[in-house]
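Summary of structural features
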There are 2 protein chains.
Amino acid sequence: MSRMLTEIREQPAALERTLRSGLSAGAKLAKAVARKRPRLIVLAARGTSDNAAQFGRYLLEIMTGIPVSLAAPSVTTLYQTQLDLAGAMVVAISQSGESTDTNLVLERAKAQGALTVGITNEAGSTLATLAEHVFLVKAGKERSVAATKTYTGQLLMLYMVAHAVGARIRLDDLRALPEWADAALSLEASARERAGRYRFVERTVVIGRGLNYSNAQEFALEMMETCYVVAEGFSSADFMHGPIAMVDPSLPLFMFAPCGATWPGSEDVLSRLGRLRAETLLITDVGNKVAAGQDRALVIPARLGRKRSAEKWAAPEELYTPIPYIIPAQLFAAALAEEKGLNPDRPRTLSKVTRTL
Amino acid sequence: MSRMLTEIREQPAALERTLRSGLSAGAKLAKAVARKRPRLIVLAARGTSDNAAQFGRYLLEIMTGIPVSLAAPSVTTLYQTQLDLAGAMVVAISQSGESTDTNLVLERAKAQGALTVGITNEAGSTLATLAEHVFLVKAGKERSVAATKTYTGQLLMLYMVAHAVGARIRLDDLRALPEWADAALSLEASARERAGRYRFVERTVVIGRGLNYSNAQEFALEMMETCYVVAEGFSSADFMHGPIAMVDPSLPLFMFAPCGATWPGSEDVLSRLGRLRAETLLITDVGNKVAAGQDRALVIPARLGRKRSAEKWAAPEELYTPIPYIIPAQLFAAALAEEKGLNPDRPRTLSKVTRTL
């Protein structure tokens, strides 16, 4: 069995540990934010961590109203620009904590008085030393080059960061996530069964939107890294602005399809794709009855132990879907790599830590 | 001859007209900014205009030091979030001026007291009515679905916006751009000749970085729309963080390769690709002697009539490359569509104005 698959299965336990680790860091950050609310949040990351940052971008804007920018590290590293980041909160995300360019972004921001936050797997890393507030992802050593448990750990920490900044996220809802992740793992056999059909695929498209846009990017990255498939992630809105012209019956598509704010748009795309006789595999949950009823769907069991909040505030219905939703995608990518005769743990050309010039 | 090709050739004249159109709008915006400097710039756009926004993001951060965020319109439209945009400048970019979601972002920002700017081709559009400051791209009617002259017009207007916000951009340098664009058009025959080799290509990768990252995205979008090739644009840094695993001799690559801050990184990627026996077509100019000397390159003639500035300030060496650099890419996409027997003016499935749910 590949390490990737082992690490995918470790996620419920890793999420439990990570949640406990995030509580004290969150409490400390909440105090700092209470003293001075950031006017802007900047997220700096590369690779899978940058996909997590994409999630953070939506989560933080939607739940706090503070504008968010995804850093373009070259502005700092190559063009030597001193950005005016006074009053901002800068969050660097890196599995190893040794990504030189995102660390430099954080260091420069700190020199200007920005509030600095690091989300990393490694307590002894440069990032953990640099950042004032450190959220330690307790995923345990990740040996596969494809990131799985560190990605979901980063997503969880972004909920904790949002909570600290005043987002109406209930810690009890976060405590239910490891269990929901565990339920998603039950899709391993059906993901493997579906993967057989894609053995000869060389190009594909993954669609997601809003809070699940990052998952589309991450699933695409996993297929590029472990299956050598040219896979492009799109928001459903961007996809309709041009790239849909590529679609014919020979191009397979995947779509993250939760209920909630993004569903009417997803349904619209799906019916367009149907008229083009394209084949789309959906990732959804039993709560989205329309999507779950499609022939081609990986359907995540209902969230267990869910308690209705007494409060009547309007959290997005899909607020907690991104962690359980990426799990069938990870299982699929690991199975497809195997189907193609590839070792997902050691993609050609790559090593675990990438240093950027 | 396709309309796309006709419109590509119209760019020098369109840029001349657009420059004149931008001067008075720029002067008015400069006065507003002198009264109150924005603390944040938000760029809102979709499709090709969003690629122009990517350029604006680098240009504005590098040349003004003000942090820039690319809007995620669904945060406003689907999740109904009221972002705190007081003190921000919000720039909406839309060829038609009728993109409902970006217009809504602008409208909400205006209600909060943000400075609002619109860049559009259409004087009578909703965007031109909504925005306080309007930069009218004078490209003339664009009939081909693939955007060419409106894209370069939008890039030019972003230089004008940056100039108004205090960037050290010399108007004389902008005045030299139509001539440099004209010189780039001389590559039409060699672009067509190169395109023949790519007739059977179904997937490709385009690499750019920093100020030319937007061009990588735009070239990829053109190949998706007009040639139905699954084409992915990457920054060279992101590409090394995983997607390089896809590379083998059967995957063709393209790279924007100017001199300047991004060249050492590009050279590094290029040598990695060489060791993987991949074939990469470079877009560069005669000023970058190393890149221009490669076997596979579309080489733009030297910038004509260039006067050395007396001032000794450190503008990025590639500051003015994005407009001339996209031109051989446009010529290549038009030629490749023809080679594949497709009509680049009317891609299947698409219409010129896309409305987003």
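Values in this document were obtained by computation on a predicted structure and should not be read as measured data. (Residues numbered from 1 in each chain as written. Chains lettered and ligands numbered in written order. Predicted model: local features only at pLDDT ≥ 70, side-chain atom pairs only at ≥ 80, totals over all residues. Heavy atoms only, no water.)

Superposition record for chain B on chain A: RMSD 0.0 Å, screw rotation 180°, translation along axis 0.0 Å. The superposition operator between the copies reduces to a two-fold rotation axis. Within chain B, Ser-69 of chain B has its C-alpha nearest the rotation axis, a separation of 2.2 Å. The residues that chain B uses at the interface reappear at the interface of chain A in 100% of cases, marking a shared surface. (Least-squares fit on C-alpha atoms with pLDDT ≥ 70 in both. Contact = heavy atoms within 4.5 Å.)

Another aspect to go through is the sheet that holds strand β10 (residues 297–300) of chain B. Residues and elements named next belong to chain B. Spatially, five strands are ordered β7-β6-β8-β9-β10 in an open sheet, and the strand pairing comes out parallel. What marks the edges here is a single partner per strand, and that holds for β7 (230–235) and β10. Mean inter-strand twist for the sheet, computed between neighbouring axes without regard to direction, equals 15°. Strand direction decides the pairing type here: strand β6 (residues 203–208) and strand β8 (residues 253–256), joined by three bridges, are parallel. Considered in β8, the bridge of Ile-207 is made with Met-255. Here helix α13 (residues 263–275) sits on the sheet in contact with β6, β8 and β9 (280–285), set at roughly 160° to β8. (Pairing = 2+ DSSP bridges. Helix = DSSP H or I, 4+ residues; strand = E, 2+ residues; numbered from the N terminus. Axes fitted to C-alpha atoms, helices over the stretch in contact; angles between N-to-C directions.)

Let us now look at the interface of chain B and chain A. In this assembly, 69 residues from chain B lie in contact with 69 residues from chain A. Buried area between chain B and chain A, both sides added, is near 5,700 Å², and the carbon and sulfur share of it is 59%. Looking only at chain B, the three residues that lose the most surface to chain A are Tyr-79, Val-230 and His-241 of chain B, adding up to 13% of its buried area. If you look at where chain B meets chain A, you find four salt bridges. Seen at the junction of chain B and chain A, the total is 21 residue pairs in polar contact (both at pLDDT 80 or more). Mapped by element, the contributors of at least two residues to the side of chain B that touches chain A are α3 (47–64), β2 (68–70), α4 (73–77), β6, α11 (213–227), β7, α12 (236–240) and α13 of chain B. (Buried area = accessible area lost by both parts, 1.4 Å probe. Salt bridge = Lys/Arg side-chain N within 4 Å of Asp/Glu carboxyl O. Polar contact = N/O pair within 3.5 Å; in protein donor to acceptor, adjacent residues only side chain to side chain.)

Right, let's talk about unusual backbone geometry for a bit. All names here are of chain A. Of note in this structure, Gln-80 is not a glycine but carries a positive phi near 55°. Within the secondary structure layout, Gln-80 lies in the loop between α4 (73–77) and β3 (88–94). Of the residues examined, Gln-80 reaches a relative accessible area of 54% and is grouped as exposed. Here Tyr-228, not a glycine, exhibits a phi torsion of approximately 60°, which is positive. (Buried < 20%, exposed > 50% of the residue type's maximum accessible area, 1.4 Å probe, protein only.)

Right, let's get into the domain arrangement of chain A. All names here are of chain A. The domain architecture assigned to chain A consists of domain 1 (3–175) and domain 2 (179–339). Spacing between the C-alpha centres of domain 1 and domain 2 amounts to 24 Å. The partner domain 2 presents 32 residues to the 30 residues of domain 1 that form the contact. Summed over both partners, the interface of domain 1 with domain 2 buries about 2,800 Å², with 66% contributed by carbon and sulfur atoms. (Domains from an automatic or database assignment.)

Further remarks concern the side chain of Thr-77 of chain B. Residues and elements named next belong to chain B. If you trace the backbone, Thr-77 turns up in helix α4. Owing to a relative accessible area of 17%, Thr-77 belongs among the buried residues under this scheme. Apart from the residues within four sequence positions on either side, Thr-77 is in contact with Asp-101 and Leu-104.

Mean pLDDT for chain A: 94, with 95% of residues reaching 70 or above. Predicted complex, confidence summary: ipTM 0.95, pTM 0.96. (pLDDT = per-residue confidence, 0-100.)

The next thing to look at is helix α2 (residues 11–35) of chain B. Along an α-helix, residues three or four positions apart point the same way, because every turn accommodates 3.6 residues. In this model, α2 of chain B (25 residues) spans 35 Å end to end at C-alpha, consistent with the 36 Å of a helix rising 1.5 Å per residue. The largest bend in α2 of chain B amounts to roughly 30° and is located at Leu-23 of chain B. (Expected span 1.5 Å × (residues − 1). Bend = angle between axes of the 7 residues up to and from the residue.)

Here the focus is the pattern of salt bridges. Residue and element names in this part refer to chain A. What the rule picks out here adds up to 24 salt bridges over all chains. Salt-bridge contacts for Arg-46 lead to Asp-101; the nearest nitrogen and oxygen are separated by 2.8 Å. Taken as a pair, Arg-46 in the loop between β1 (40–44) and α3 (47–64) and Asp-101 in helix α5 (residues 100–111) lie far apart in primary sequence, 55 residues in all. According to the relative accessible area criterion, Arg-46 is buried, its value standing at 9%. What makes Asp-101 buried here is its relative accessible area of 3%. Here Arg-197 ties to Glu-279 by a salt bridge, and the two come within 2.7 Å at their closest N and O atoms. You can see Arg-197 sitting in the loop between α10 (188–195) and β6 (203–208) and its partner Glu-279 sitting in the loop between α13 (263–275) and β9 (280–285), a full 82 residues away along the chain. Looking at Arg-197, the relative accessible area reads 52%, which means it is exposed. One salt-bridge network, in which partners are shared between bridges, spans Arg-9, Glu-188 and Arg-192.

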